[in-house]
Amino acid sequence: MEDCLKSLRSPHVEEVKKLMTEFAEHHGSAGRRVVLITSGGTKVPLESRTVRFLDNFSSGRRGASSAEYFLDSGYAVIFLHRHRSLYPYTRLYTGVNLLDSLQLETGKEDAGQILVDQNALPNIAKVLKRYQAVKAAGLLLPVEFNTLSEYLHLLKAAAQALSSIGSKAMFYLAAAVSDFYIPAYEMPEHKIQSSNGPLQISMKMVPKMLSPLVKDWAPKAFVISFKLETDPSILLERAWRALETYNHQTVVANVLDTRRGYVVVVTKDTQQELVLTDEEVQKEVEIEDRIVSNLTEAHSEFMSRQV
Ligand code: PMT
């Protein structure tokens, strides 16, 4: 892992690590649990002066909506997310053109007040109230990544920052992380030229972060990884294999096409299906509500076993 981190260009993580450490210590000493949520897909550059890159699929919706449910459950949240992926609360207005929902009160350019069309932004007052309460209490720390390199360095820094609060820390690793990368020393500096013919690239394997995270960086924390497959027939076997290999507490297994309404929460001894009915989908119930309530309960049991 250390070799992989060195061969990827290191972003400036020290400042962010300091912020995350202060955040964890502040909330931990107030008796609050802290969850680190990873969200969105990593980007792997193919050139140093990057024009082209490989991307991992994730809209960030799972991470962003889960952050809201964790906040509702009393957690403080470090939200390690891909730049411009979905964000807690504002995700509810994705696709809305903000300017279409605003109007100048007097029709004059310099009007002091701007009116909001509440039909264009449904539930805006309710959502704004929740967002402002979270902001005023300093319960949400957003941290952005773009590339795989940034993600790996920031995840390590976050794990070290959270180690001071022991079992009060939860890791909720919903990001879609690349398994392949090109080390900086093998990467062409300039844009790859199509005049050189078909592109052949050789990529190295990214070691799974879960290993050092569980063993070395935050050994007392409650750790949840996600397992995404497109073939349902191999999903559970892959989830069990992950638990055996990394020795963490839980895998949330999901299939790409059905992930909004069906997941399986897998531990070494249990396997629980969480399913939304058609009626619940109609009522806009979100599966993340169920996932988070299942995991916060499991976290309580985990903490009680540690003392
Ligand atoms: O964002 P949405 O559109 O709502 O979609 C949500 C989701 C489908 C992305 C999410 O539910 C999900 O399944 N995320 C994990 C997808 C994934 O990349 O799985 P994986 O098999 O590659 O990785 C398994 C676990 O190992 C993940 O928790 C990942 O964070 C972690 N990992 C992966 C690679 C790596 N080098 N190190 C890691 O620790």
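Bear in mind the structure is a predicted one, so any value in this text is a computation, not a measurement.

Q: If you had to explain the sheet that holds strand 4 (residues 76-82) to someone new, which residues and values would you point to?
A: Either a parallel or an antiparallel arrangement is found when strands of a sheet pair, and the pairing is made through backbone hydrogen bonds. Strand order in the open sheet formed by 8 strands is 7-4-1-8-11-12-13-14, and the pairing between neighbours is mixed. With one partner strand each, in any of the chains shown, strand 7 (140-145) and strand 14 (271-275) form the two edges of the open sheet. Strand-to-strand twist of the sheet, defined as the mean angle between neighbouring strand axes without regard to direction, takes the value 15 degrees. For strand 8 (residues 169-173) and strand 11 (residues 222-229), the ladder comprises 4 bridges, and the chain directions are parallel. Its bridge partner being in strand 11, M170 is matched across the sheet by F222. Along the sheet, helix 7 (residues 235-246) makes contact with strand 11, strand 12 (250-255), strand 13 (262-266) and strand 14, crossing strand 12 at roughly 155 degrees.

Q: Lay out helix 7 in plain terms, naming residues and giving numbers.
A: Its 12 residues place the ends of helix 7 17 Å apart at the C-alpha level, agreeing with the 16 Å of an ideal helix rising 1.5 Å per residue. Among the residues of helix 7, those classed as buried are L235, A239, A242, L243 and Y246. Projection of helix 7 onto a plane perpendicular to its axis shows the buried side chains occupying an angular sector of 95 degrees, all on one side. Elements that come into contact with the buried residues of helix 7 comprise helix 6 (210-217), strand 11, strand 12 and strand 13. Once helix 7 finishes, N247 follows within two positions and takes phi at roughly 60 degrees, a positive value.

Q: Could you give an account of the site of the ligand, naming the residues involved and the relevant values?
A: Around the ligand, 26 residues are found, and the nearest of them are S58, S59, L173, K227 and N254. A distance of 3.3 Å separates a nitrogen atom of the ligand from a polar atom in the backbone of P207. In isolation the ligand has 780 Å² of accessible area, and contact with the protein removes 96% of it. Taken atom by atom, the bulk of the ligand overlaps the largest pocket. Only helix 3 (61-72) and strand 11 provide two or more residues apiece to the shell around the ligand.

Q: Give me the packing of helix 2 (residues 14-29) against helix 5 (residues 148-162): which residues, what numbers.
A: Relative orientation of the contacting elements helix 2 and helix 5 amounts to 30 degrees, with a least axis distance of 8 Å. Overall, the two elements helix 2 and helix 5 adopt an arrangement that is roughly parallel. Helix-helix and strand crossings are classified by hand; for helix 2 and helix 5 the assignment is right-handed. Side by side, helix 2 and helix 5 meet where V16, K17, M20, T21 and A24 of the first sit next to L154, A157, A158, Q160, A161 and L162 of the second. The residue makeup of the contact of helix 2 with helix 5, split by class, is 8 nonpolar, 2 polar and 1 charged.

Q: Account for the pairing of strand 13, with residues named and values stated.
A: The element strand 13 is extensively covered by neighbouring structure, given that 4 of its 5 residues are classed as buried. With 3 bridges joining them, strand 12 and strand 13 adopt antiparallel strand pairing. Of the residues in strand 13, the one forming a bridge with V251 is V266. Hairpin connection between strand 12 and strand 13: a loop of 6 residues separates the two successive antiparallel strands. Sheet analysis places strand 13 next to strand 14, joined by 5 bridges and oriented antiparallel. The residue of strand 14 that forms the bridge with V264 is E273. Between strand 13 and strand 14, which follow one another and run antiparallel, lie 4 residues.

Q: Could you give an account of the side chain of E286, with specific residues and numbers?
A: Within the secondary structure, E286 is located in the loop between helix 8 (278-282) and helix 9 (287-306). At 2.8 Å, the side chain of E286 forms a polar contact with the side chain of R91. Not counting residues within four places of it along the chain, the set of residues in contact with E286 comprises R61, S65, Y69, R91 and L276.

Q: Before we move on, can you summarise the confidence of the model for the protein chain with the specific residues and values?
A: Residues of the protein chain with pLDDT of at least 70 account for 94%, and the chain-wide mean is 94. As scored by the predictor, the complex reaches a pTM of 0.95 and an ipTM of 0.94.

Q: So what's going on with the pattern of salt bridges? Which residues, and what values?
A: In total, this model carries 16 salt bridges according to the counting rule given. Residue R82 pairs with D55 through a salt bridge whose shortest N-O separation is 2.9 Å. Here R82, found in strand 4, pairs with D55, found in strand 3 (residues 53-55); they are 27 residues apart in sequence, far enough to count as distant. Owing to a relative accessible area of 12%, R82 belongs among the buried residues under this scheme. According to the relative accessible area criterion, D55 is partly exposed, its value standing at 42%.

What counts, and at which threshold
Residues numbered from 1 in each chain as written. Predicted model: local features only at pLDDT ≥ 70, side-chain atom pairs only at ≥ 80, totals over all residues. Heavy atoms only, no water. Pairing = 2+ DSSP bridges. Helix = DSSP H or I, 4+ residues; strand = E, 2+ residues; numbered from the N terminus. Axes fitted to C-alpha atoms, helices over the stretch in contact; angles between N-to-C directions. Contact = heavy atoms within 4.5 Å. Expected span 1.5 Å × (residues − 1). Buried < 20%, exposed > 50% of the residue type's maximum accessible area, 1.4 Å probe, protein only. Arc of directions from axis to C-beta. Near = heavy atom within 4 Å. Polar contact = N/O pair within 3.5 Å; in protein donor to acceptor, adjacent residues only side chain to side chain. Areas by Shrake-Rupley, 256 points an atom, 1.4 Å probe, with all protein chains shown as cover. 1 Å grid on protein atoms, 1.4 Å probe; cavity = no way out; pocket = protein on both sides within 12 Å on 5 of 7 lines; lining within 4 Å. Sits in = over half its atoms within 2 Å of the grid points. Parallel < 35°, antiparallel > 145°, perpendicular 65-115°, else oblique. Left-handed = near helix turned anticlockwise from the far one by under 90°. Nonpolar A, V, L, I, M, F, W, Y, C, P; charged D, E, K, R; others polar. pLDDT = per-residue confidence, 0-100. Salt bridge = Lys/Arg side-chain N within 4 Å of Asp/Glu carboxyl O.

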